[in-house]
Amino acid sequence: MSTPPAAHRHPDAPVTRDDIADLSFRVTGVRPLDHAAVPTLAFPLRITRTGGGPVRSVTLTTTVRIAAARRRYGPADRIALARLFGQSDQWATGLHPLTWAQITTVVPPFDATTTVDLPVPCSRECELAVTAYFEAVGDTEVPLDFLFSGTVFHTGPDGRLRTSRIRWSEETTHPLPAGLWHTLTARYFGGTRWLRLSPEAHDLLSAHRTRRALTDWDATIHDLLDHPARHPAGTPTAPDPAGAP
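Residues numbered from 1 in each chain as written. Predicted model: local features only at pLDDT ≥ 70, side-chain atom pairs only at ≥ 80, totals over all residues. Heavy atoms only, no water.

Asks: An account of the pattern of salt bridges is needed here, citing residue identities and associated values.
Replies: If you walk through the whole model with that rule in mind, you get 8 salt bridges. Of the charged contacts in the structure, one is a salt bridge between Arg71 and Asp77, with a shortest N-O distance of 4.0 Å. Like Arg71, the residue Asp77 is buried in the burial classification. Glu135 is the partner of Arg124 in a salt bridge, and the nearest nitrogen-oxygen pair spans 2.7 Å. Of this pair, Arg124 sits in the loop between strand S6 (113–121) and helix H4 (129–137) while Glu135 sits in helix H4; the two residues are 11 residues apart in sequence, bridging distant segments of the chain. Judged by relative accessible area, which is 3%, Arg124 ranks as buried. Judged by its relative accessible area of 31%, Glu135 falls in the partly exposed class. Taken together, the salt bridges that share partners define one network made up of Asp22, Arg167 and Glu170. (Salt bridge = Lys/Arg side-chain N within 4 Å of Asp/Glu carboxyl O. Buried < 20%, exposed > 50% of the residue type's maximum accessible area, 1.4 Å probe, protein only. Helix = DSSP H or I, 4+ residues; strand = E, 2+ residues; numbered from the N terminus.)

Here it is in structure tokens:
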């Protein structure tokens with residue numbers, strides 16, 4: 001049996017292979033995820049099959065990054081971001097992307113196109129670079145990059161199950177209003193901040209709180225800051241009724 005002549009295909013038509021699944025990706029928006037245990041932003045991701053047979057499932061890994069170099073910063077921003085990127089004269093080489101999250105999603109079967117949510121958790125832990133970035137830029141717009149990898153399970157020309165890898169070049173972008181991050185985290189954390197401490201520092205802070213009969217951690221920190229010389233070196237302190245050191 002002879003092969004059909006190539007003249008039946010338009011010369012400008014793309015060459016495709018039915019045994020390789022090609023997908024394209026586009027983030028279409030962002031919204032807070034309702035009733036989540038932790039503050040979470042959901043990014044609807046539209047996936048379109050551009051080649052290969054119908055998709056049976058996709059094991060999709062998405063890396064979400066803040067594209068810090070793709071926006072401008074005022075003098076106040078540059079001061080606030082010095083901890084992350086160094087001084088302004090170092091930004092030519094130091095203004096690097098910040099990885100926010102890496103998400104694994106199992107995409108259900110679809111033929112031509114489908115939409116799934118990418119849930120990105122938000123934290124106000126002070127030591128995280130992403131938290132420091134959002135605190136510094138206020139309510140302005142933050143450019144995000146979404147990079148994709150993973151495996152596509154699809155139907156081949158013979159009707160059997162085939163697998164293909166998502167191309168490493170697959171990525172998309174979408175802006176995030178930073179005010180949405182601030183509003184969402186404030187709703188969960190009530191405007192408070194999370195500070196990570198070593199066990200030793202926590203024990204010392206707890207002992208000080210007990211000795212001073214302070215009501216909460218906020219009052220404990222303020223007591224230390226407002227009265228740094230309350231007990232000079234060598235001055236005995238009052239006994240601790242709770243037996244704390």
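Resuming the write-up.
Asks: Which residues make up the side chain of Thr114, and what values go with them?
Replies: Position of Thr114 among the secondary structure elements: in strand S6. Every residue in contact with Thr114, bar those within four places of it in the chain, is listed here: Leu45, Arg46, Ile47 and Val107. (Contact = heavy atoms within 4.5 Å.)

Asks: Go over H4, please, and point to the residues and values.
Replies: Here H4 lies mainly inside the structure; 7 of its 9 residues are buried. Listed in full, the buried residues belonging to H4 are Val130, Thr131, Ala132, Tyr133, Phe134, Ala136 and Val137. Phi for Gly138, located one or two positions after H4, is positive at around 65 degrees.

Asks: Explain the packing of H4 against helix H5 (residues 178–189) to me, using residue names and the numbers behind them.
Replies: Across the interface, H4 lies against H5 with an axial gap of 10 Å and an inter-helix angle of 110 degrees. As the angle between them shows, H4 and H5 are arranged roughly perpendicular. You can see that H4 and H5 cross each other, and the crossing is left-handed. The segment H4 lies against H5, with Thr131, Phe134, Glu135 and Val137 engaging Ala178, Trp181 and His182. When the residues that make up the contact of H4 with H5 are grouped by side-chain class, the tally is 4 nonpolar, 2 polar and 1 charged. (Axes fitted to C-alpha atoms, helices over the stretch in contact; angles between N-to-C directions. Parallel < 35°, antiparallel > 145°, perpendicular 65-115°, else oblique. Left-handed = near helix turned anticlockwise from the far one by under 90°. Nonpolar A, V, L, I, M, F, W, Y, C, P; charged D, E, K, R; others polar.)

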